[in-house]
Every structure is written in C-alpha cells, then in structure tokens.
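Per-entry structural report
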Amino acid sequence: MSVKLNRLLKEIRACNVCEASLPLGPRPILSAKPTAKILIIGQAPGAKVHASGIPWDDASGDRLRDWMGITREIFYDASVIALVPMGFCYPGKGNSGDLPPRQECAPLWHRKVLELLPQIRLTLLIGQFAQNYYLSGRVKKTLTDTVRAFKEYRPKYFPLVHPSPRNQIWMKKNPWFEKAVIRELKKSVASIL
C-alpha cells in the first residue's frame, strides 16, 4: 500500500488541472503515509505555505498544534498524521483573505488518498469547506453550530473552526470553544497517539 500511496502522492504533486486559475502556479501540498492515525483536512495552503512547501507552516499551524497538544515533530510525522487539504494549491487572495480552496481537488483526489489510509481513527475537519464536503447534509445552520455540536460527529469526525489569527474575534465571542472543544480535542488526540 505504501508504494501505491507514494505513486498517488507523486501524481497529485504533478497535478496542473487548475493551473490557469492559480496566481502563483500549481504546487500541491499534502503529506500522508498509510500508517497515519489522524487525518487533518483543512482549506488550502496560504502564500507562506506555498513558498515553503510545508503544510500548516504558519501561525495557523502553530495554533492548530497547540489545540491538538502536540509538537511540530509529531505533527509533521506523516506516519502518524496525514495532512490533506480541500484544495492542494494556494488559490490566491480575495477581498477578505485567501480565496476558497479550488473545487477540483477534493472530488478528483480525496477518495483515492483516503482509500490508502486504512488506519485513520480521527479526521479533523477544519473550516466550512471541509465540513460541508464531508458532513454533507449533517452540517448545522452555521459553522459555529456545527463546531458546538462536535460530539454528534464523533468518533470519526471532529469539526473545528480555522485556527487562523483572523479568528481572534470569533474565539473571544465563543469561550465555550476553548473550554469544551479544545479540551476534548487534546484528549482525543492523546488517546490515539
């Protein structure tokens, strides 16, 4: 299975399906090994991650690792944690931050990747794009409501808000998130690892 996954990752990293729509060109960024136990499905790489080629290599990644209660070393150990965003390439800037992830990636590649990750015990769905795609008709009216109802999606999925520093205001308005959700997330991650 490792050979199949390596072949697939190589194929994904060579993908140029939406090249004409990418301001910095294609650079699919993801990591996975067949032994991974936790899958993180975020939105899409930002400009800094596009430049470094390392997933979650920014302030959002620092916060996510803190939420999970793990080190960079564990986070970037693909044999433990798979990092597969909804869109693999930097989509460009919009009016209020980065554009949404490209819609081509998930339908084209996700099923193929997930079939080669048989040991996943927990999938973190970060942000509305991942939640809408994977929870389909089960999402709540708002992202906040979906995250608040995180226990309904367990044990397979764990919906989260994006850990971007831009979400500071949301964090202040929703103190229950840190008290209940982050505490439960850390416990879940620790029990799997």
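Scroll up to find the structure this text is about.
First, a word on scope: everything that follows refers to the structure included in this document. Everything numeric in this text was worked out from a predicted model, so none of it was measured. Numbering of residues begins from 1 in every chain and follows the order in which that chain's sequence is written. Predicted model: local features are reported for residues with pLDDT of at least 70 only, side-chain atom pairs are reported and counted for 80 or more only, and whole-chain, interface and lining totals are derived from all residues. Side-chain descriptors were evaluated using all non-hydrogen atoms of the structure, hydrogens and water having been removed beforehand.

Let's talk about the environment of Ile 12
Helical segments are the DSSP runs of H or I of at least four residues, strand segments are the runs of E of at least two, and each set is numbered from the N terminus. On the secondary structure map, Ile 12 appears in helix α1 (residues 2-13). Here the alpha-carbon distance between Ile 12 and Ile 29, two residues 17 residues apart in the chain, equals 8.9 Å.

Some words on the environment of Leu 22
If you trace the backbone, Leu 22 turns up in the loop between α1 and β1 (38-41). Burial here depends on accessible area, computed with a 1.4 Å probe over protein chains only, as a share of the maximum for the residue type. Under 20% is buried, over 50% is exposed, and the range in between is partly exposed. By relative accessible area, which is 7% here, Leu 22 ends up buried. With 170 residues separating them along the chain, Leu 22 and Ile 192 place their C-alpha atoms 37 Å apart. In what follows, a contact means two residues having at least one pair of non-hydrogen atoms within 4.5 Å. Those residues in contact with Leu 22 that lie beyond four places of it in its chain are Cys 89, Tyr 90, Pro 91 and Arg 102.

Considering the sheet that holds strand β5 (residues 122-126)
Spatial strand order, β2-β1-β5-β6: 4 strands in an open sheet with parallel pairing. Looking at which strands have only one partner, the edges of the open sheet turn out to be β2 (81-83) and β6 (157-160). Taking the axes of each pair of neighbouring strands and ignoring which way they run, one obtains an average angle of 20 degrees across the sheet. Summarising the sheet, β1 and β2 pair through 3 bridges and their orientation is parallel. Bridge pairing in β2 places Ile 38 opposite Ile 81. Axis geometry follows a simple rule: fit a line to the C-alpha atoms, using only the stretch in contact for helices, then measure angles between N-to-C directions, giving values from 0 to 180 degrees. Its contacts with the sheet put helix α6 (residues 128-135) on β1, β5 and β6, and the angle it makes with β5 is roughly 130 degrees. The sheet strands contacting helix α9 (residues 175-192) are β1, β5 and β6, and the helix crosses β6 at an angle near 145 degrees. For two strands to be treated as a pair, DSSP must find at least two bridges joining them.

Describing helix α5 (residues 105-115)
Listed in full, the buried residues belonging to α5 are Cys 105, Ala 106, Trp 109, His 110 and Val 113. Buried residues in α5, looked at end-on, bunch into an arc of 110 degrees, giving them a common side. Exposed side of α5, more than 90 degrees from the buried face: Pro 107 and Arg 111 are the residues found there. Against α1, β1 and α6 lie the buried residues of α5. Here, the arc refers to the directions that run from the helix axis to the C-beta atoms.

Notes on the packing of helix α3 (residues 59-68) against α9
When two helices pack together, their arrangement is captured by the angle between the axes and the distance separating the axes. Interaxial distance between α3 and α9 falls to 7 Å at its minimum, and their mutual angle equals 75 degrees. Between α3 and α9, the angle is such that the two are roughly perpendicular. From α3, Asp 66, Trp 67 and Met 68 reach across to α9, where they touch Phe 177, Ile 182, Leu 185, Lys 186 and Val 189. Here the angle decides the label: under 35 degrees means roughly parallel, over 145 means roughly antiparallel, 65 to 115 means roughly perpendicular, and every other value means oblique.

Some thoughts on the pattern of salt bridges
A side-chain nitrogen of Lys or Arg and a carboxyl oxygen of Asp or Glu constitute a salt bridge if their distance falls within 4 Å. Summed over the entire model, instances satisfying the criterion amount to 8 salt bridges. A salt bridge links Lys 140 to Glu 152, with the shortest nitrogen-to-oxygen separation between them at 2.7 Å. On the criterion of sequence distance, the pair formed by Lys 140 in the loop between α6 and α7 (143-148) and Glu 152 in the loop between α7 and β6 is long-range, its members being 12 residues apart. By relative accessible area, Lys 140 is classed as partly exposed at 31%.

Some details on the side chain of Asp 57
In this fold, Asp 57 is placed in the loop between α2 (47-52) and α3. Of note is the side chain of Asp 57, whose polar atom sits 3.1 Å from the side chain of Ser 52. A distance of 3.4 Å separates polar atoms of two side chains, one belonging to Asp 57 and the other to Arg 72. Here a polar contact means two N or O atoms within 3.5 Å. Within protein one must be a hydrogen donor candidate and the other an acceptor candidate, and residues neighboring in sequence count only if both atoms are side-chain atoms.

Considering the packing of aromatic side chains
When the centres of two rings from Phe, Tyr and Trp lie within 6.5 Å, Trp using its six-membered ring, the rings pair. Their planes under 30 degrees apart give stacked, over 60 give edge-to-face, and anything left gives tilted. Under the criterion given, the structure shown has 8 aromatic pairs. Taking the centre distance of 5.0 Å and the plane angle of 20 degrees together, the rings of Phe 150 and Phe 158 count as stacked. With relative accessibility at 0%, the residue Phe 158 sits in the buried group. The interplanar angle of 75 degrees and the centroid separation of 5.8 Å between the aromatic rings of Trp 170 and Trp 176 together place this pair among those described as edge-to-face. Like Trp 170, the residue Trp 176 is buried in the burial classification. Among the aromatic residues, those joined into a ring-pair cluster are Trp 67, Trp 170, Trp 176 and Phe 177. The cationic tip of Arg 65 hangs over the ring face of Phe 75; the distance from NZ or CZ to the ring centre is 4.9 Å. Only lysine NZ and arginine CZ atoms are considered, and such an atom sits over a ring when it is within 6 Å of the ring centre and within 35 degrees of the ring normal.

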